[in-house]
Amino acid sequence: MSVLVLALAVSAAFCLGTGFVLQQNAAQQAPLSDFLSPRLLLDLMKVPRWLGGIGLMVVGMALGAVALAHGEISLVEPLVATNLLFALAESRRQTKQSLGRQGWSGLGLLAGGVTVFIVAGRPRAGVAVTDPVRHWLIIGVMVGLALLLTTYAKKSRLIIGPVLLGLAAGLLYGVQDALTRVSGQRLTAGGWAEFLTGWQPYGVLVLGVTGLILVQSAFETAPLRMSLPALTAAQPLAGIVCGVGFLGDRLRTDTGALAWEAAGLAGIVLGIVLLGLHPAMPRGTAEPEREKDLQPG
């Protein structure tokens, strides 16, 4: 693993985690009539704190894109998933809540899981799959699952809606990361003409805006602890599937390595859940009337 990729991915995680907290602080005050509507973004653009959070997220995504240009997505995604550590740090600064056993356990599981997965899997570049059917099949499954989760989220709202929206956004962001890597490869290989004539950059834009609407709707309707863990867990899993599925990323596949890779991913997910549910994470300030309005009809 190159030091450059490590530095870029961790820096991206810092920007994303801090940005998510600022976005949720602002989004929880947005009108509930904007739920899952592009109007939500227009309203939030008037809030300086939200713009600051978006600015950090954009920087984080840019750093992540550069990391993807120099490293495999199966390596970069687990590192970027540590954004939850930085989100917890920012939340803890706001709430003055100590980490306690749950916080330290989650931190150890997330950091340990990332280390185990990378050491056991040894992600490395391979030959990308050129068959477009395979590309569209994997992307279609991810986008289809995101659409299904969003449909159920719209019906359930406060019950499990924010969790489902977080999962849906994570799947879209994982695909977005894969297309970002493809776009970067096209730019390097053929210049701007090759870059602009491909569909991938426009796919990145559409997935980014759609994912942003899903994330802000989740932040608007519930505490950060309900949506961010799902988002943070789904994104690397979707990215790894795309990386191995059609980008040519290669992982060790002997029995022992697969067992450790699975254990590492399980540690990442469990650590994310423990950190996401930590008391230091913002609870939100939704009033009972807001919650009542969001109950399914």
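Residues numbered from 1 in each chain as written. Predicted model: local features only at pLDDT ≥ 70, side-chain atom pairs only at ≥ 80, totals over all residues. Heavy atoms only, no water.

Participant: I'd love a proper account of the overall build of the protein, names of residues and values included.
Facilitator: Within the protein, the regular secondary structure consists of 12 helices and 0 strands. Overall, the protein shows an N-to-C arrangement of helices and strands of α-α-α-α-α-α-α-α-α-α-α-α. Computed over C-alpha atoms, the radius of gyration of the protein comes to 19 Å, within 12% of the 19 Å expected from 2.2 N^0.38 for 297 residues, which places it in the range of a compact globule. For the protein, the spread of C-alpha atoms along the principal axes amounts to about 55 × 45 × 35 Å. Looking at the protein as a whole, 52% of its 297 residues qualify as buried. Of the contacts made within the protein by residues no fewer than 6 positions apart, 87% connect residues no fewer than 24 positions apart. In the structure as shown, the protein presents an accessible area of about 13400 Å², 68% of it carried by carbon and sulfur atoms. (Helix = DSSP H or I, 4+ residues; strand = E, 2+ residues; numbered from the N terminus. Rg over C-alpha atoms; globule rule 2.2 N^0.38 Å. Buried < 20%, exposed > 50% of the residue type's maximum accessible area, 1.4 Å probe, protein only. Contact = heavy atoms within 4.5 Å. Areas by Shrake-Rupley, 256 points an atom, 1.4 Å probe, with all protein chains shown as cover.)

Participant: An account of the pattern of salt bridges is needed here, citing residue identities and associated values.
Facilitator: Counted by the stated rule, this structure contains 3 salt bridges. Residue Arg-181 is joined to Asp-249 by a salt bridge in which the shortest nitrogen-to-oxygen separation is 2.7 Å. Residue Arg-181 is located in helix α8 (residues 161-197), and its partner Asp-249 is located in the loop between α10 (224-247) and α11 (255-276); the two are separated by 68 residues in the primary sequence. Of the residues examined, Arg-181 reaches a relative accessible area of 8% and is grouped as buried. With a relative accessible area of 4%, Asp-249 lands in the buried category. Of the charged contacts in the structure, one is a salt bridge between Arg-252 and Asp-254, with a shortest N-O distance of 3.5 Å. (Salt bridge = Lys/Arg side-chain N within 4 Å of Asp/Glu carboxyl O.)

Participant: Please give an account of the packing of helix α4 (residues 73-80) against helix α6 (residues 100-121) that cites residues and values.
Facilitator: Helix-helix packing is characterised by the crossing angle of the two axes and by the distance between the axes. Put simply, α4 and α6 touch, their axes get as near as 9 Å, and they point 170 degrees apart. In terms of axis orientation, α4 runs roughly antiparallel to α6. Between α4 and α6, the contacting residues are Ser-74, Leu-75, Pro-78 and Leu-79 on the first element and Val-114, Phe-117 and Ile-118 on the second. Considering only residue class, the contact of α4 with α6 consists of 6 nonpolar, 1 polar and no charged. (Axes fitted to C-alpha atoms, helices over the stretch in contact; angles between N-to-C directions. Parallel < 35°, antiparallel > 145°, perpendicular 65-115°, else oblique. Nonpolar A, V, L, I, M, F, W, Y, C, P; charged D, E, K, R; others polar.)

Participant: Explain the packing of aromatic side chains to me, and be specific about the residues and the numbers.
Facilitator: Enumeration over the complete set of coordinates arrives at 4 aromatic pairs. Note on Phe-14 and Phe-86: the rings are 5.5 Å apart at their centroids and 90 degrees apart in plane angle, and the pair reads as edge-to-face. One end of the pair, Phe-14, is in helix α1 (residues 3-27); the other, Phe-86, is in helix α5 (residues 83-95), and 72 residues separate them in sequence. Classification of Phe-86 as partly exposed rests on a relative accessible area of 25%. Each ring, one from Trp-136 and one from Trp-199, has its centre 4.6 Å from the other, and the planes form 25 degrees; the classification is stacked. You can see Trp-136 sitting in helix α7 (residues 132-156) and its partner Trp-199 sitting in the loop between α8 and α9 (200-221), a full 63 residues away along the chain. Judged by relative accessible area, Trp-199 falls into the partly exposed class, the value being 35%. (Phe/Tyr/Trp six-rings, centres within 6.5 Å; stacked < 30°, edge-to-face > 60°.)

Participant: Kindly report on α6, identifying the contributing residues and their values.
Facilitator: With 22 residues, α6 extends 31 Å between its outermost C-alpha atoms, agreeing within 8% with the 32 Å of an ideal straight helix rising 1.5 Å per residue. Of all the positions in α6, only Gly-103, Gly-106, Leu-110, Gly-113, Val-114, Phe-117, Ile-118, Ala-120 and Gly-121 are classed as buried. The first or second residue beyond α6 is Arg-122, which carries a positive phi of 45 degrees. (Expected span 1.5 Å × (residues − 1).)

Participant: Could you give an account of the confidence of the model for the protein, with specific residues and numbers?
Facilitator: Per-chain confidence: the protein averages 83 in pLDDT, with 91% of residues scoring 70 or above. Segment residues 284-297: pLDDT under 50, and 21 contacts once partners within four positions in sequence are set aside and those in other chains are kept. (pLDDT = per-residue confidence, 0-100.)

Participant: Which residues make up α8, and what values do they have?
Facilitator: Three- or four-residue spacings in an α-helix give side chains the same orientation, since the helix completes a turn every 3.6 residues. The terminal C-alpha atoms of α8 lie 37 Å apart, and with 37 residues this falls more than 12% below the ideal 54 Å at 1.5 Å per residue. Along α8, the helix axis deviates most sharply at Gly-190, where the bend reaches about 140 degrees. (Bend = angle between axes of the 7 residues up to and from the residue.)

Participant: Give me the lowdown on the nonpolar core, citing residues and values where you can.
Facilitator: Phe-20, Val-76, Val-175, Leu-228, Leu-231 and Phe-246 are the most contacted members of the largest nonpolar core, which totals 67 residues. In terms of residues, this core owes the most to one element, α8, which gives 11 residues. Not counting residues up to four positions away in its chain, the partners in contact with Val-76 are Val-5, Ala-9, Gly-64, Ala-67, Leu-68 and Gly-71. (Core = buried A, V, L, I, M, F, W, Y, C linked by side-chain atoms within 4.5 Å.)

Participant: How would you summarise unusual backbone geometry if you had to cite specific residues and measurements?
Facilitator: Even without a glycine there, the phi angle at Arg-122 is positive, about 45 degrees. With respect to the helices, strands and loops of the structure, Arg-122 is situated in the loop between α6 and α7.

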